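Residue-level listing of the chains:
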Amino acid sequence: MNPWARWLQTNGPGRFQLAYKGGWDAFVNAARRSDLEVLTRAEMARLEEDSLEDYNEARLVWNANLPTVKTHQLAAAFAVIDQVMASNRRDADRLRGSVVVDAAPGLGKTTIATRYARDFHRRIMRRNPARTASGHQRLPVAFVPLSAGMTLKGLNQKILAFYGHPAADRASSARLGALAVDCVASCETQLIVIDDLHFIDFRHRNGQEVSNHLKGLANEMPVTFIYVGVRLKEKRFFDEGILGPDAVYAQTSRRATRCEVAPFDIGTTPGAKAWTDLLRAMEAHIKLADARAGMLTDHAKALHRRTQGHIASLTNLIDRACYLAIATG
């Protein structure tokens with residue numbers, strides 16, 4: 001077996017199912033990829049066909065997994081979450097705050113939430129044994145992605161599915177909520193990430209039930225919630241779907257701290273520098289035969305024009321450009 005086939009065996013794409021505790025644990029404890037040697041064109045020309053194919057596949061995997069860069073947006077979001085997480089030190093009988101990572105699509109909201117939660121999970125596990133005093137598996141973080149048409153029952157089932165509870169698909173609707181609270185308490189979970197919250201229509205009866213249930217869980221569970229979604233302010237998440245003057249009574253707007261994520265703006269000197277720094281970090285990661293310093297930063301304005309400063313658009317563009325470079329030579 002050639003060295004690149006061996007590299008792919010241990011460094012291939014991570015197939016993390018974050019919605020389940022096993023997948024989340026694999027994500028949290030995943031090792032860094034081994035570095036990949038860059039061959040010259042002449043060295044590639046001497047490879048056998050299978051070896052060249054495996055080498056190119058290894059480069060595609062490497063280039064597709066650009067590093068998480070500590071951008072201004074990520075650092076600012078982490079700072080907000082850190083402030084809210086201070087309430088996590090409160091005794092269990094006291095309410096904790098929550099964070100709402102709210103922005104347009106493609107700005108790295110889920111990446112911000114999962115990377116923060118991963119770091120938090122690692123810190124808690126470093127300080128505590130893998131088992132609680134009662135003998136349960138310690139799970140500092142739960143990650144719960146929602147889907148379209150989410151109902152109250154569906155939310156509880158999603159939480160129980162993360163913990164692998166056998167009654168997730170069998171218990172009655174009334175029982176599911178109590179089981180979810182029990183799982184969180186037994187595993188001493190301290191942080192719950194609710195992703196794709198924009199799938200809930202808070203003006204609909206089902207959405208209002210979910211909203212009320214989330215408030216109830218926040219009252220019963222000694223955890224901090226991070227909610228992630230697209231344009232949640234416009235979807236009236238903070239108003240809990242309440243219209244008119246009664247919206248002032250919405251509790252979510254008083255308990256939750258909204259954390260906006262903005263696209264990169266190169267219209268200012270600091271903004272242009274931040275964009276260039278991001279491109280420089282990405283170009284240092286790319287494995288191509290003719291890769292060079294400046295191959296992205298020299299085109300900073302064009303790349304911003306193509307992506308409007310959205311990081312998801314940028315990573316997709318670089319991913320495809322790397323593919324074309326490898327596929328066409």
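We now turn to the structure provided with this report. These figures come from a predicted structure and were not determined experimentally. (Residues numbered from 1 in each chain as written. Predicted model: local features only at pLDDT ≥ 70, side-chain atom pairs only at ≥ 80, totals over all residues. Heavy atoms only, no water.)

When helices and strands are tallied, the protein shows 13 helices and 5 strands. For the protein, the C-alpha atoms occupy an extent of roughly 65 × 50 × 35 Å along the three principal directions. Residue pairs in contact within the protein that sit at least 24 positions apart in sequence constitute 70% of those at least 6 positions apart. Accessible area for the protein stands at about 17100 Å²; split by element, carbon and sulfur atoms hold 49% of it. Looking at charge distribution, the protein has the averaged site of its 44 positive side-chain charges lying 4 Å from that of its 34 negative ones. (Helix = DSSP H or I, 4+ residues; strand = E, 2+ residues; numbered from the N terminus. Contact = heavy atoms within 4.5 Å. Areas by Shrake-Rupley, 256 points an atom, 1.4 Å probe, with all protein chains shown as cover. Lys, Arg positive; Asp, Glu negative; His and termini not counted. Charge placed at Lys NZ, Arg CZ, Asp CG, Glu CD.)

Let's shift gears to helix α2 (residues 21-29). When we look at burial in α2, the residues that qualify are Gly23, Trp24, Phe27 and Val28. An end-on view of α2 places all buried positions within 135 degrees of arc, on one side of the element. Of the surrounding elements, those touching the buried residues of α2 are α6 (109-127), β2 (141-145) and α7 (152-163). (Buried < 20%, exposed > 50% of the residue type's maximum accessible area, 1.4 Å probe, protein only. Arc of directions from axis to C-beta.)

Before going further, it helps to examine the packing of aromatic side chains. Summed over all chains, the structure comprises 9 aromatic pairs. Centre to centre, the rings of tryptophan 4 and tyrosine 55 are 5.4 Å apart; their planes meet at 65 degrees, and the pair counts as edge-to-face. In this pair, tryptophan 4 sits in helix α1 (residues 3-11) while tyrosine 55 sits in helix α4 (residues 49-64), placing the two residues 51 residues apart along the sequence. The burial state of tryptophan 4 is the same as that of tyrosine 55; both residues are buried. An aromatic cluster of at least three residues, connected via ring pairs, comprises Phe16, Trp24, Phe27 and Phe143. The ring centre of tryptophan 62 lies 4.8 Å from the NZ or CZ of lysine 287, which sits over that ring. (Phe/Tyr/Trp six-rings, centres within 6.5 Å; stacked < 30°, edge-to-face > 60°. Lys NZ or Arg CZ within 6 Å of the ring centre and 35° of its normal.)

As for its placement among the helices and strands, glutamine 73 is situated in helix α5 (residues 72-85). We classify glutamine 73 as buried; its relative accessible area is 13%. Side-chain polar atoms of glutamine 73 contact the backbone oxygen of alanine 262, separated by 3.0 Å. With residues near it in sequence (within four places) discarded, glutamine 73 still touches Ile112, Val261, Ala262, Pro263 and Phe264. (Polar contact = N/O pair within 3.5 Å; in protein donor to acceptor, adjacent residues only side chain to side chain.)

Let us now look at the sheet that holds strand β3 (residues 191-195). Taken together, the 5 strands give an open sheet; going across it, the order is β2-β3-β4-β1-β5, and neighbouring strands pair in parallel fashion. Both edges of this open sheet fall to β2 and β5 (256-260), since each of them pairs with a single strand only. Between one strand axis and the next, the sheet turns by 15 degrees as a mean value, whatever way the strands run. Two strands pair when backbone bridges link them, and β2 and β3 are joined in this way by 5 bridges, in the parallel orientation. (Pairing = 2+ DSSP bridges. Axes fitted to C-alpha atoms, helices over the stretch in contact; angles between N-to-C directions.)

Here we come to helix α9 (residues 205-220). Taking 1.5 Å of rise per residue, the 16 residues of α9 would be expected to cover 22 Å, and the 22 Å separating its terminal C-alpha atoms lies within 8% of that figure. Of the positions making up α9, those classed as buried are Gly207, Val210, Ser211, His213, Leu214, Lys215, Leu217 and Ala218. (Expected span 1.5 Å × (residues − 1).)

Glancing now at the pairing of strand β1 (residues 98-103). In terms of burial, β1 is a largely internal element, 6 of the 6 residues being buried. Residue alternation in β1 divides its side chains into two sets, Ser98, Val100 and Asp102 and Val99, Val101 and Ala103, and both sets are buried. Of the pairings in the sheet, the one linking β1 to strand β4 (residues 224-230) comprises 6 bridges and is parallel in character. Looking at the pairing, valine 99 lines up with isoleucine 226 of β4. In terms of strand pairing, β1 meets β5 through 5 bridges, oriented parallel. Within β5, the position partnered with valine 99 by the bridge is threonine 257.

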